Amino acid sequence: MPELPEVEAYRRLAERSVGRVVGRVELPDPWFLKGGLTPAMLGAALTGHRFAAFRRVGKLLLGDIDGGRRLGLRFGMTGTLVVDGRAALDGLLYAPARHDPAWERVRIAFVDGGSLVVRDPRRLGGVTLDPDLGRLGPDAAAITGDELAAALAGSTAPLKARLLDQSRVAGVGNLVADEVLWKAGLDPRRPAGSLAPTEVHLLCGTVHAVIADLVARGGSHRGDLTGERRRDGRCPQDGAPLTRSTVGGRTTWWCPVHQH
DNA sequence: ATTGTGGCCTGCCCGC
DNA sequence: TGCGGGCAGGCCACAA
């Protein structure tokens, strides 16, 4: 599902549309608009304009529109970005591999004949205008040790729950969280505030390393642990049977032998 | 404020 | 073999 690595791939793909004039916006599914946004408002903000740049904060993709407004794209669990008929990634875990035209939620058509399309079978994504970035924590790919320490300090919530909290750390989803904690050897159920400074430091480095690795591999589902997230799955590091339970409201897999 | 829970959405998997 | 109940999780509303 789209976590930080996927959205980063979407951002790079979206850059292909920078500088091209928008001719028309099609909204087969106006329900996809969030925060009171209407088709007329979105059309007015985009038609005749160009994207100046695409940025990413966590799992949110931002398109800077000339004139100062910002398009916000969220992809939920099964959303894909398609530019000029080309998808950013081959496959998405938990998303259907086939393509049904009915899953197209937004189409931004450029006057040159190309387009930027959001395809989302399960409709858990959405489109906003000028999204409030104040509700997002530091981006996980660039978070500093001090910022991570502040995000975890004093909390009795499970470590994993804090990592998934987008207002504390932006961009970590369920698969990345499990992969990071597995690689750092940390128990997802540990109270977030119980980590020693050296553990926070290790965790911060692991977050960066795992994200860089998953971006390079082409998706959050390409992690070493991810392939073992199944019944009878075993720890790729020591071969122990993995434990499955619910932590932070999410299905969680971890190694009972080396994660403490 | 912090933490936990349930619902939304819908295609697909597994067990009957 | 066909069918239908769970399941998947990002995000939000709401409760304690």
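Everything numeric in this text was worked out from a predicted model, so none of it was measured.

Digging into the packing of aromatic side chains
- Here the structure, examined in full by the defined rule, presents 2 aromatic pairs.
- Taking the centre distance of 4.6 Å and the plane angle of 65° together, the rings of Tyr 10 and Phe 75 count as edge-to-face. Remark: Phe 75 occurs in the loop between β4 (70-74) and β5 (80-83) and Tyr 10 occurs in helix α1 (residues 4-14); sequence separation between them is 65 residues. Phe 75 matches Tyr 10 in its accessibility class, with the two residues each being buried.
- The interplanar angle of 45° and the centroid separation of 4.7 Å between the aromatic rings of Phe 51 and Phe 54 together place this pair among those described as tilted.
- Judged by its relative accessible area of 1%, Phe 51 is buried.
- The exposure class assigned to Phe 54 is buried, which follows from its relative accessible area of 4%.
- Lying across the ring of Trp 31, Lys 34 places its NZ or CZ 3.6 Å from the centre.
- Stacked on the ring of Trp 31, the Lys or Arg Arg 123 has its end atom at 4.3 Å from the ring centre.

Here's the deal with the domain arrangement of chain A
- Structurally, chain A comprises domain 1 (4-134) and domain 2 (137-254).
- The centre of domain 1, based on its C-alpha atoms, is set 28 Å off from the matching centre of domain 2.
- Contact residues are listed per partner, giving 13 residues for domain 1 and 19 residues for domain 2.
- Taken over both partners, the interface formed by domain 1 and domain 2 buries close to 1,100 Å², and the fraction arising from carbon and sulfur atoms is 62%.

Examining the packing of α1 against helix α6 (residues 197-217)
- Axis separation between α1 and α6 bottoms out at 9 Å; the angle between their running directions is 50°. When the interaxial angle is binned, α1 and α6 end up oblique. The two elements α1 and α6 cross, and the hand of that crossing is right-handed. Residue-level contacts link Leu 4, Pro 5, Glu 8 and Arg 12 of α1 to Ile 211, Leu 214 and Val 215 of α6.
- Tallied by class, the residues present in the contact of α1 with α6 amount to 5 nonpolar, no polar and 2 charged.

A look at the protein's contact with DNA strand B
- Arg 123, Leu 124, Ser 155, Thr 156 and Arg 162 are the nearest of the 14 residues found near DNA strand B.
- Interatomic distance of 3.5 Å between a side-chain N/O atom of Trp 103 and a phosphate oxygen of DNA strand B.
- Its residues placed into classes, the surface near DNA strand B shows 7 nonpolar, 2 polar and 5 charged.

Observations concerning the sheet that holds strand β9 (residues 126-129)
- Pairing within the open sheet is antiparallel, and its 4 strands lie in the order β2-β3-β4-β9. One side of each edge strand has no neighbouring strand; the edge strands of this open sheet are β2 (51-57) and β9. The average angle at which neighbouring strand axes cross in this sheet is 20°, direction not considered.
- Examined bridge by bridge, β4 and β9 share 4 bridges and lie antiparallel to one another. Note that in β9 the partner of Leu 73 across the bridge is Val 127.
- In the packing of α1 onto the sheet, the strands contacted are β2 and β3 (60-65), and the crossing angle to β2 comes to about 170°.
- Relative to the sheet, helix α2 (residues 39-46) contacts β2, β3, β4 and β9, its axis offset from that of β9 by approximately 65°.

What about the packing of helix α3 (residues 145-152) against α6?
- Look at α3 against α6: their axes get within 9 Å of each other, and the N-to-C directions meet at 115°. In terms of orientation, α3 and α6 fall into the roughly perpendicular class. In this structure, the crossing between α3 and α6 has a hand that is right-handed. Across the interface between the two elements, Gly 145, Leu 148, Ala 149 and Leu 152 of α3 pack against Val 200, Leu 203 and Cys 204 of α6.
- Here the residues of the contact of α3 with α6 sort into 6 nonpolar, 1 polar and no charged.

Side note on the pairing of β5
- Taking every second residue as pointing to the same face, both faces of β5 are buried, with Thr 80 and Val 82 on one and Leu 81 and Val 83 on the other.
- Bridge count for β5 against strand β8 (residues 115-119) is 4 bridges, and the pairing is antiparallel. In the sheet register, Leu 81 faces β8, and the bridge partner there is Val 118.
- The pairing of β5 with strand β6 (residues 86-87) spans 2 bridges and is antiparallel. By the bridge assignment, Val 83 is partnered in β6 with Arg 86.

The rules we used
Residues numbered from 1 in each chain as written. Chains lettered and ligands numbered in written order. Predicted model: local features only at pLDDT ≥ 70, side-chain atom pairs only at ≥ 80, totals over all residues. Heavy atoms only, no water. Phe/Tyr/Trp six-rings, centres within 6.5 Å; stacked < 30°, edge-to-face > 60°. Helix = DSSP H or I, 4+ residues; strand = E, 2+ residues; numbered from the N terminus. Buried < 20%, exposed > 50% of the residue type's maximum accessible area, 1.4 Å probe, protein only. Lys NZ or Arg CZ within 6 Å of the ring centre and 35° of its normal. Domains from an automatic or database assignment. Contact = heavy atoms within 4.5 Å. Buried area = accessible area lost by both parts, 1.4 Å probe. Axes fitted to C-alpha atoms, helices over the stretch in contact; angles between N-to-C directions. Parallel < 35°, antiparallel > 145°, perpendicular 65-115°, else oblique. Left-handed = near helix turned anticlockwise from the far one by under 90°. Nonpolar A, V, L, I, M, F, W, Y, C, P; charged D, E, K, R; others polar. Near = heavy atom within 4 Å. Polar contact = N/O pair within 3.5 Å; in protein donor to acceptor, adjacent residues only side chain to side chain. Pairing = 2+ DSSP bridges.

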